[in-house]
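# What the coordinates show
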Amino acid sequence: MRVLLVHPAFPITYWGFQHALPIIDKRATLPPLGLITVAAHLPPAAEVRLIDLAVAPLDDAALAWADVVLIGGMRIQAPSMHAIIARARAMRRRTVVGGPAATTAPDEFADADVVFVGEVEGRERELWAAVTGADPQRVPAPATRPPLADARRPRFELLDLTAYASMSVQYSRGCPFRCEFCDVIEIFGRVPRVKAPAQVIDELDALYRLGWRGTVFLVDDNFIGNRREVAALLPALAAWQAAHDRPMALYTEASVDLAGEPALMAGMVAAGFGAVFLGIETPSEAALRGIGKTQNLRRGPAEAVAILARAGLEVMSGFIVGFDSDDAGALAAQRRFLAAAPIPLAMVGLLTALPGTALWKRLAREGRLRAASGGDQYVRPNFAPVMDERALLEGYADLLAEIYAPEAYLARCLAHLALAPIPDTRVRAGGPRIAARALWQLGIAGPRRALFWRLLVAAVRRSPAFTSWAIEKAIQGEHLIRYTQEQVVPRIRAAAAELATEPARLVEPTPRDARVAAH
Ligand code: SF4
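These notes cover the structure that comes with them. Computed from a prediction, not measured in an experiment: that's the story for all the values here.

Before going further, it helps to spend a moment on the overall build of the protein chain. Looking only at helices and strands, one finds 19 helices and 14 strands in the protein chain. Out of the 519 residues in the protein chain, the part that is buried amounts to 55%. Sequence separation of 24 or more characterises 76% of the internal contacts of the protein chain that already satisfy a separation of 6 or more. Here the protein chain displays about 20,800 Å² of accessible surface, and carbon together with sulfur accounts for 57% of that area. Side chains of the protein chain give 58 positive and 54 negative charges; the mean places of these two sets differ by 2 Å.

So, in structure tokens, the structure goes:
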């Protein structure tokens, strides 16, 4: 049985860093970890190939080779998923879809032969039945979520490692919190499940044997979701790094209350973590209470970010506008907070109601849903906002234009630099080749030369050990600034202008929306 795994295309996104990838000679930021994990749960009888559309095109010969095509992706990849299904079916190939998009909205993938809902661990027989055609069109998720002791090591050897800026390893799934907009807790639950330290080390060993040295993203929803377990993992990670001359630069996602855990922060730095993504969302207490994100209220976000930066963990963060309590004053507060924040990589999204979330259910009950979100945050919201919609969109565009003006980006980088301890430079990948490219493309030929040199000079003055960091920030900034100026802000302004001629129309919830809202 020949199984073709296809990772669908992404549009340009903030996290895709598409404008930065050519400078570092890569084709994608992260590998399709979900698909290579599924591959590990197929039997030896399956002959497996992988095509990641970010790395290589899907040609007809590959489809002709396959008996079955397995497609997994997120909501933002749904258009590409449907296009792949159509091509595979036109060539009479069996199609199986799974992953987050199919799990949260299986009805939307009726075009596939099989929709595999939920996680794969412990369901090898069901997966094989879906692949071979012995199962019905819908394979529902089991009543309980699998322990990650059942997780097999992803088949990293299927990847072209040279194509990716970073590798991914997953340690845990789930998060104990209950943020209203979050679909993670709907997909993976509120009881964090973790892999044993030996499983994580085994995955790092596999990457090391394949020759990977550099950045590894621990793609957890909340790395510190189970503090007792993560406290046991960190010494094992630190020992592995020390035994291998610290080859991996780690980063992850965690809840803001990490700032109140000095032992965990120190353990993470000792294990080789240099950055952490936090969901700060907003400095507005009213908004945080409204969405149930009370863990962010234990200390102010500015204090939390400073604590983490001083500990050696650069903060990347997500922010949201469009909460029910938001008004012009709340957007102004976001702008003031971000102007002073030591957070170079700040991502601001428009609140989106994702299917199955508590927010989706509430908005459905209130009759405010418009349509399922396609994952695009730069169009009108997929629900009727409380704030005047045009003012919201214009305020959102102004906010993004402001925070990704080159001066503002530089200011946030310098604010981080002022707090950060001198880094360990051994784990920065790329070295002189990437530095030379950045020097030419950004420092000599680029339109933002002043940003490049001011950042580099400030970093070297603080310590030459920050040189690689400064080059990395300049490369990342090139994408963030270009993407914001060339695509995001014009699209949001166009959406705002559209409102003048085409008032928002509420869309009746589908029967499935009504079922969800009733629960
Ligand atoms: S802390 Fe993050 S992962 Fe956890 S529920 Fe909130 S948004 Fe979701």
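Having put the structure on the table, let's press on.
Okay, the packing of aromatic side chains next. Counted by the stated rule, this structure contains 15 aromatic pairs. Between Tyr 14 and Tyr 378, the ring centres sit 6.2 Å apart and the planes meet at 80°, which makes this aromatic pair edge-to-face. Of this pair, Tyr 14 sits in the loop between strand E1 (2-7) and helix H1 (33-40) while Tyr 378 is found in the loop between helix H13 (358-365) and helix H14 (389-403), placing the two residues 364 residues apart along the sequence. Given a relative accessible area of 4%, Tyr 14 falls into the buried group. Relative to Tyr 483, the ring of Tyr 378 lies with its centre 6.2 Å away and its plane at 80°, an arrangement referred to as edge-to-face. One end of the pair, Tyr 378, is in the loop between H13 and H14; the other, Tyr 483, is in helix H18 (residues 467-501), and 105 residues separate them in sequence. Of the residues examined, Tyr 378 reaches a relative accessible area of 8% and is grouped as buried. Put simply, the rings of Tyr 14, Tyr 378, Tyr 396, Tyr 404, Tyr 409 and Tyr 483 pair up and form one aromatic cluster. Between Arg 49 and the ring centre of Trp 65, over which it is positioned, the NZ or CZ distance is 4.1 Å.

Relative to the assigned elements, Glu 281 resides in strand E12 (residues 273-281). When residues no more than four places from it in sequence are discounted, the contact partners of Glu 281 are Phe 181, Lys 293, Gly 318, Phe 319, Ile 320, Phe 323 and Gln 334.

Phe 223, Leu 237, Leu 258 and Phe 273 are the most contacted members of the largest nonpolar core, which totals 129 residues. The biggest single contributor to this core is H18, with 14 residues. Excluding residues within four positions of it along the chain, Leu 237 makes contact with Val 200, Ile 201, Leu 204, Leu 250, Ala 271 and Phe 273.

The next point concerns the pattern of salt bridges. Inspection of the entire model under this criterion finds 37 salt bridges. Between Glu 121 and Arg 173 there is a salt bridge, with the nearest N and O atoms lying 2.7 Å from each other. Taken together, the positions of Glu 121 in the loop between strand E5 (114-116) and helix H5 (124-132) and Arg 173 in strand E8 (residues 172-173) put the pair 52 residues apart, joining distant regions of the chain. Here the salt bridges share partners, and the residues they tie into one network are Glu 180, Asp 324, Arg 362, Glu 366 and Arg 368.

Now for the site of the ligand. Close to the ligand lie Cys 175, Phe 177, Cys 179, Cys 182, Ile 185, Asp 221, Lys 293 and Gln 295, which account for all nearby residues. Class assignment for the residues of the shell around the ligand results in five nonpolar, one polar and two charged.

Here the focus is the sheet that holds strand E2 (residues 47-52). Taking strand neighbours across the sheet as the criterion, the six strands line up as E2-E1-E3-E4-E5-E6 in an open arrangement whose pairing is parallel. Unpaired on one side and paired on the other, E2 and strand E6 (138-139) mark the two borders of the sheet. Two strands pair when backbone bridges link them, and E1 and E2 are joined in this way by six bridges, in the parallel orientation. Pairing of Val 6 across the sheet is with Ile 51, part of E2.

Take the sheet that holds strand E13 (residues 314-321) next. The strand order across the open sheet built from six strands is E7-E10-E11-E12-E13-E14, with neighbouring strands paired in parallel fashion. The open sheet has two edge strands, strand E7 (167-169) and strand E14 (346-350), and neither has a second partner. Direction aside, neighbouring strands of the sheet carry axes that sit 20° apart on average. Inspection of the sheet shows E12 paired to E13 by six bridges, in the parallel sense. Considered in E13, the bridge of Leu 278 is made with Ser 317. Across the sheet, helix H12 (residues 328-340) is in contact with E12, E13 and E14; its angle to E13 comes to roughly 170°.

Rules used throughout
- Residues numbered from 1 in each chain as written.
- Predicted model: local features only at pLDDT ≥ 70, side-chain atom pairs only at ≥ 80, totals over all residues.
- Heavy atoms only, no water.
- Helix = DSSP H or I, 4+ residues; strand = E, 2+ residues; numbered from the N terminus.
- Buried < 20%, exposed > 50% of the residue type's maximum accessible area, 1.4 Å probe, protein only.
- Contact = heavy atoms within 4.5 Å.
- Areas by Shrake-Rupley, 256 points an atom, 1.4 Å probe, with all protein chains shown as cover.
- Lys, Arg positive; Asp, Glu negative; His and termini not counted.
- Charge placed at Lys NZ, Arg CZ, Asp CG, Glu CD.
- Phe/Tyr/Trp six-rings, centres within 6.5 Å; stacked < 30°, edge-to-face > 60°.
- Lys NZ or Arg CZ within 6 Å of the ring centre and 35° of its normal.
- Core = buried A, V, L, I, M, F, W, Y, C linked by side-chain atoms within 4.5 Å.
- Salt bridge = Lys/Arg side-chain N within 4 Å of Asp/Glu carboxyl O.
- Near = heavy atom within 4 Å.
- Nonpolar A, V, L, I, M, F, W, Y, C, P; charged D, E, K, R; others polar.
- Pairing = 2+ DSSP bridges.
- Axes fitted to C-alpha atoms, helices over the stretch in contact; angles between N-to-C directions.

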